[in-house]
Amino acid sequence: MINLVEWTRLEPWRVARARTDQDETVIVKWSGPHAARTHSEEWRLRTEVAALRFLADDLGFGWRPGC
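This report concerns the structure included in the present document. (Residues numbered from 1 in each chain as written. Predicted model: local features only at pLDDT ≥ 70, side-chain atom pairs only at ≥ 80, totals over all residues. Heavy atoms only, no water.)

**Side note on a nonpolar patch on the surface**
Taken together, Phe54, Leu55 and Leu59 make up a surface patch of nonpolar side chains, about 300 Å² in accessible area. Of the residues examined, leucine 55 reaches a relative accessible area of 36% and is grouped as partly exposed. (Patch = residues over 30% accessible without salt bridge, like charges linked within 9 Å, V, L, I, M, F, W, Y side chains within 5 Å. Areas by Shrake-Rupley, 256 points an atom, 1.4 Å probe, with all protein chains shown as cover. Salt bridge = Lys/Arg side-chain N within 4 Å of Asp/Glu carboxyl O. Buried < 20%, exposed > 50% of the residue type's maximum accessible area, 1.4 Å probe, protein only.)

**A closer look at the pattern of salt bridges**
If you walk through the whole model with that rule in mind, you get 4 salt bridges. Here glutamate 6 and arginine 19 are joined by a salt bridge, their closest N and O atoms 2.8 Å apart. Separated by 13 residues along the polypeptide, glutamate 6 in strand 1 (residues 4-9) and arginine 19 in strand 2 (residues 15-20) bring together distant segments of the chain. For glutamate 6, a relative accessible area of 41% corresponds to the partly exposed category. Arginine 19 sits in the partly exposed class, given a relative accessible area of 30%. Glutamate 11 is the partner of arginine 9 in a salt bridge, and the nearest nitrogen-oxygen pair spans 3.8 Å. One network of salt bridges, in which partners are shared, links Glu6, Arg19 and Asp23. (Helix = DSSP H or I, 4+ residues; strand = E, 2+ residues; numbered from the N terminus.)

Structural data, given as structure tokens:
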């Protein structure tokens, strides 16, 4: 379990930079309806996971999807 002790939303996106109780920095992302309603939530989630895997492999970042 990750316990967040503070977070700052990065407007206008659904993204926040947070700090854990173990002084780690994490990025928190969440989804919502697409503004133009052109893509489903499932499509957007698969795209996001693919992007995170690319970053993890390419840059050596650790990532942990959660809900």
